[in-house]
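# Observations on the three-dimensional arrangement
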Amino acid sequence: MSVQELGRRVSAARAETEARGETFYPGTSRIHLAAFPPKERWDDWVELDSRAWPERRERRYALVPTTCFNCESACGLLAYVDKDSLQIRKFEGNPEHPGSRGRNCAKGPATLNQITDPDRILHPLKRAGARGEGRWVQVTWDEVLDHLAARIRRAIVEGRRNEIMYHVGRPGEDGFTERILAAWGIDGHNSHTNICSSSARAGYAFWMGIDRPSPDYANADVILLISAHLESGHYFNPHAQRIMEAKQKGAKVIVLDTRMSNTTTHADHWLAPYPGSEAAILLAIANHLIQHGRYNREFVRRWWNWAEYMSAEHPDVLATFANFEHALKETYRDYTFEYAAAESGVEASAIEDIARLVASAGTRLATHTWRSAGSGNLGGWEVARCLFMLNALMGAVATEGGTYPNAWNKFVPRPIHVPPHPRTWNELSWPDEYPLAMFEMSFLLPHLLKEGRGRLDVYFTRVYNPVWTNPDGFSWIEMLKDESLVGLHVALTPTWSETAYFADYVLPMGHASERHDIHSYETHTGQWIALRQPIFRALRERLGDPVGDTREVNPGEVWEENEFWIELTWRIDPTGELGIRQYVESVEIPGTTLGLDEYYRYIFENSVPGLPARAAAAGTTPLEFMRRFGAYEIRACVGALHEEPVPASELADSMENRFGRVHTTAPARLSPNIVPLPTPAPDEAGRRPVGVNVDGQVLRGFPTPSGRLEFYSSTLAGWGWREHAIPTYVKSHVHPARLADGEMPLISTFRLPVHIHTRSANAKWLDEIAHTNPLWLHPSDAARLRVQTGDLVRVTTRIGHLVVKAWVTEGIRPGVVACSHHMGRWKLSDDGQRQMMRTVALRQSGTEWDLATTRSVAPFESADPDTRRIWWTDVGVHQNLAFPVQPDPVSGMHCWHQAVRVIKAEVGDRQGDIAVDIARSHEIFKEWMQLARPAARYSPDRTRRPYWLLRPLKPARDVYRLSLVETATAGAIR
Amino acid sequence: MTELLRALAALAEPPTDHTVRLAVLLGLETPTPAAYTDTFVFQQVPYASAYLNADGMIGGEARDRVAGFWRALGLTPPPEPDHLATVLGAYAGLCELGVTRARHAFLWEHLLSWLPAYLHAVRRHAAMPFPEWARLLLETLLNEVDELGPAVVLPLHLRNVPDLADPRCSDSRQIVDALLTPARSGVILSRADLARAAHMLDLSLRAGDRRVQLRSLLEQDAPAALAWIAGEARAWQAIHESFAEATGPVAGYWASRASATVALIDTLERDVREAVRAGAAS
């Protein structure tokens, strides 16, 4: 048959097929997703067994969705459960997940390594000897729960609520544990935020109230990234795939990173600035836009709080927009390309090139910073603030291709019980010195306890490893070993960690396929939720065999965390007399604990718009739908919510202040979405803020005091930081002018794409790819030091030193050194994780501590034959031990960059050695505390903290008053 | 012809119930997942960039040129704009739009610049039904030439592609990369080709990518491996020349590259044999 005849035959067949209403061509977009099993076949999916090759042996799988528990992205996973052996054979992507869209990074599939880890903790353990001695006995969950409940109840009854603290690393379900703590009536939430993202949050929050950015990468024309978002960003996989989509459509990518990363290699423009100079570059770009009139004047006029700025800072000038523009030009005129070049070491012409590119982006400018420069430097919060200023200038805020406030692209469904705000303030997490911190000053805890500011009776570390992750780890060890400071330390963890060795109880928590959490993240312009779930519980329910307690199906006695908290809460108040039990009680069967099926059923049926109808269309219930498919997209392309008019019904008895902020007495709408939002203050008459008058129309605006984007922060000005009331450049503590002769900045914050903090140390596929962290050293510095790749160097910080191998590379600026996160893991005995944790000796002599390797990692026999194939011995250096705490006085962020001296290693130095004097670290803590501006002295309204700012667990409003807190503290001491 | 192109495009994607029906409609054997994987994943990846880039890699400048064509038409390029199924689908779309100039440009720039050689390679090695699919597709495309006319200039991809580097004057590793870069060598060497070479020359075939395998063959017995490569290049030169009437300057380009490869490899083989002889004598 000729090709013409064949063509006619296909045409006729197509016409006939489509006339029946059926699809003829599957469509070329299938190229990617065709690899995924169609969801209608997830109950019985057949694949060939790769291990049986060349024999063609079929294996039958049930495919059950969950979400990854490694980084915060919460990407979708599909567990392939072998229907014969009922074992999970692999994890792949879940194509139904709107954020990750079926794709995963290496850490997702490596969940299999984590759940089959031969060294994992499978039973509750209680210490048998002294803390840190390494002797354990297995105990029952009942024994643990009864002990904890009694101790916590006693603290609550005796008015020692501030002695209970929960310290979280990897977040679980949005708001779940905060609600548990609120039910207990304690201000006991502590997080890792101040060693992670406080500065970025502060920079964003002072602009738009909301503390996270949500770039619409996929639709951007210009993408400006501070650091390595393509390979290790906060929402790495979902963001990376959208950045690449934009690149394929022609978007230009600009990256600022002192270090060469995979992201810089994909950039159209890569600038490698001196660490801490990023804000100077960003302000030079802003200045270019301002001086050349390349900004979006209409957006600035409508949405910046320029009138408030003029009133505060230029009261003698008529507050017109023209006068503001003039003031703006004058204010930023000195931020020239030449100035930025002098600060950053980047050529002025290169900065000018990217300024022109930014100017060309219009409203399609997507920008992002999270940790990196913000987390490294004193004043790092100004990096995020200056970066977002570019969006604010271009009007690229909540536009297609622009950057959104994250809360608009996130959905936290309202649960069945919501306890009230606790009526206490915990000064160990929220000390007076840091009223603007974002958020808890967690990394100062050992120093605050050392100063006698309190004690902890029950301290939970939950999937968190502060001994390793936080700076100044020896001070953490000293604190944890002192039972007068920490009465009981409970480590909730799926893996052994340096912190767990100093616990009284080590309680096994689940990995991605062994626990519940609802998640929603700002991966793109849309709102979605995903369900992390215990795979075998979901499978048993699918097979008609419901499970009441997840421990029935998890390995060993590994527990589902939400059930643990519900059960513990119940036992604290078994009769309900403390008013606590009601928040974990079943509504369907009063007098019994709230089961997770009821908990999630309520949420999915009542708080997720559209899900019940979607489930009904699929012939199932909302809970079954989520258990079966794992994710649901509530809304795509959210749009500019700040531009939405406020309906007249919400404007009853409304009043408008002189800057257009509108307040109302109409009650707020009860939203099913309880995503955390700032709470701007009511007016003097108690009316709540509802919108802002823009050109005669009341629009929803932003959740800031002014309702607009706050170029001028009355909060900063009012709380003692008037010099930072508008975006500025703060010279870092590692600025060249602040370094002594011979000192260099050390960048220690960068992550590797295949590891997740400290929980992947026994993930063999990941370990084989990355297991050590040499010191990046430029060839010119290496020549000066007479060091070659592989030579040992000694890196001296202000409290001690570390010994590490050098890696000579052009991938770092001259005069700067770098050493990655994740590595240098250790254990105190040969028990515990053995793939990437060496055994060490810890020695203490007065205030001097040191750590030295006694046994490196080596192959070993286990149920997994791969453990016989461990070929590496060098697992790097635990550099954070040698870093003092360096709290930023505004954001509270630990400023990670270190001023160090690098020399060739001395005789006797060995790879991984650490030596520190913690007396010196306490002195440096005090030096940095001198920079703070305490609430007691600077608060404009006698409160501890601006009430409107976000706080993970917000106490009742009257507890914010300084006098009340002082009274409560005095009462507790009595 | 539009529908035929779309149907043939769909067959370059992983087999499903849809593609099985299309194969039946075209009188082809049913495509199996195994045949598809061996053909398009292991032997001849269906991306234009792999055959047109100066480094033989998927993506890069060649892919961006295809994406640029979409953008020039005011369309958003798909995620993999140079995938064979995508370019054929795009071309079918142009046929429907009746934009003759754009269609002519696309045909010569993004289809006939690489597909004659590619489809020949598929016909040589693939499992059924893909050899017959390749024959049908080539015939269909050559029909388009009859309708739209010959190439006016050499496609942009094929201008300024660097020559094979002489390893005697440069890094010897570069010759392996260049030989596996069709746009430079004029030769398409698949994994099956290298396995065949190892078998013929009685050498071991290393596990690894094609670069590892080819380098290993050269390390084990350089004269024999070079002679085999020269033979392959001669065969490819003849294949390209057979398209001269249909594709004019494009065929000329590919044939000249294969011819230059023959000349260089012959010289190298001679030098190596002399060096071996000299070594044996000393």
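The structure presented is a predicted model; accordingly, all values stated were derived computationally and were not measured. (Residues numbered from 1 in each chain as written. Chains lettered and ligands numbered in written order. Predicted model: local features only at pLDDT ≥ 70, side-chain atom pairs only at ≥ 80, totals over all residues.)

### A few points about the overall build of chain B
- Check the secondary structure of chain B and you find 16 helices and 0 strands.
- Across its three principal axes, chain B shows a C-alpha extent of roughly 70 × 40 × 35 Å.
- Within chain B, the fraction of its 282 residues that count as buried is 46%.
- Long-range pairs, those at least 24 residues apart, make up 60% of the contacts in chain B with a sequence separation of at least 6. (Helix = DSSP H or I, 4+ residues; strand = E, 2+ residues; numbered from the N terminus. Buried ≥ 20, exposed ≤ 12 C-beta atoms within 10 Å, placed from the backbone. Contact = placed C-beta atoms within 7 Å.)

### Thoughts on the pairing of strand β10 (residues 222-226) of chain A
All names here are of chain A.
- For β10, the tally of buried residues reaches 5 of 5 residues, placing the bulk of the element in the interior.
- Judged by which residues are buried, β10 turns out to be covered on both faces: V222, L224 and I226 on one side and I223 and L225 on the other are all buried.
- As defined by bridge partners, β10 adjoins strand β13 (residues 365-368) across 4 bridges and the pair is classed as parallel. Pairing of L224 across the sheet is with T367, part of β13. (Pairing = 2+ DSSP bridges.)

### Regarding the interface of chain B and chain A
- Taken together, the contacts link 29 residues of chain B with 22 residues of chain A.
- Elements supplying a minimum of two residues to the side of chain B that touches chain A: α1 (2-10), α2 (17-25), α5 (60-72), α6 (84-97) and α9 (130-148) of chain B.
- Top contributing element to the side of chain B that touches chain A by residue count: α1(B), with 6 residues.
- Of the residues in the side of chain B that touches chain A, the class split is 14 nonpolar, 9 polar and 6 charged. (Nonpolar A, V, L, I, M, F, W, Y, C, P; charged D, E, K, R; others polar.)

### A short note on the packing of helix α10 (residues 278-291) of chain A against helix α14 (residues 337-344) of chain A
Residue and element names in this part refer to chain A.
- Packing of α10 against α14 brings their axes to within 9 Å, and their N-to-C directions diverge by 170°. Considering the angle they form, α10 stands roughly antiparallel to α14. Along the contact surface, α10 presents A280, I281 and A284, while α14 presents F337, Y339, A340, E343 and S344.
- Classifying every residue of the contact of α10 with α14 by side-chain character gives 6 nonpolar, 1 polar and 1 charged. (Axes fitted to C-alpha atoms, helices over the stretch in contact; angles between N-to-C directions. Parallel < 35°, antiparallel > 145°, perpendicular 65-115°, else oblique.)

### Brief notes about the nonpolar core
- In this structure, A:I223, A:A286, A:L390 and A:V817 are the most contacted members of the largest nonpolar core, which totals 269 residues.
- At 11 residues, the largest contribution of residues to this core is made by helix α17 (residues 381-394) of chain A.
- By size, the runner-up hydrophobic cluster in this structure holds 88 residues, among which are B:A9, B:A10, B:L112 and B:L164. (Core = buried A, V, L, I, M, F, W, Y, C linked by C-beta atoms within 7 Å.)

### Thoughts on the confidence of the model for chain B
Residues and elements named next belong to chain B.
- Residues of chain B with pLDDT of at least 70 account for 99%, and the chain-wide mean is 91.
- Taken element by element, chain B is modelled with least confidence in helix α10 (residues 173-179), mean pLDDT 87, and with most confidence in helix α14 (residues 222-242), mean pLDDT 96.
- Scored by ipTM, the complex comes to 0.87, with pTM at 0.81. (pLDDT = per-residue confidence, 0-100.)

### Re the pairing of strand β11 (residues 252-256) of chain A
Residue and element names in this part refer to chain A.
- Counted residue by residue, β11 has 4 buried out of 5 residues, so it is predominantly covered.
- Here 5 bridges tie β10 to β11, and the two strands are oriented parallel to one another. Its bridge partner being in β11, L224 is matched across the sheet by I254.
- Alignment of β11 against strand β12 (residues 269-271), held across 3 bridges, turns out to be parallel. In the sheet register, V255 faces β12, and the bridge partner there is W270.

### Here we look at the domain arrangement of chain B
Residue and element names in this part refer to chain B.
- Partitioning chain B into structural domains gives domain 1 (2-156) and domain 2 (162-281).
- Summarising the inter-unit geometry, the C-alpha centres of domain 1 and domain 2 are found 26 Å apart.
- In this assembly, 22 residues from domain 1 lie in contact with 21 residues from domain 2.
- For the side of domain 1 that touches domain 2, the element with the most residues is helix α8 (residues 115-125), which contributes 5 residues.
- Within the side of domain 1 that touches domain 2, the residues separate by chemical class into 14 nonpolar, 7 polar and 1 charged. (Domains from an automatic or database assignment.)

### Quick word on the confidence of the model for chain A
Residues and elements named next belong to chain A.
- For chain A, the average pLDDT comes to 94, and 98% of its residues sit at 70 or higher.
- Low pLDDT (under 50) marks residues 28-34, which in the prediction has 18 contacts with non-local residues, meaning those over four places away or in another chain.
- Low confidence marks residues 970-974, where pLDDT is under 50. Its contacts with residues over four positions away, or in another chain, come to 2 contacts.

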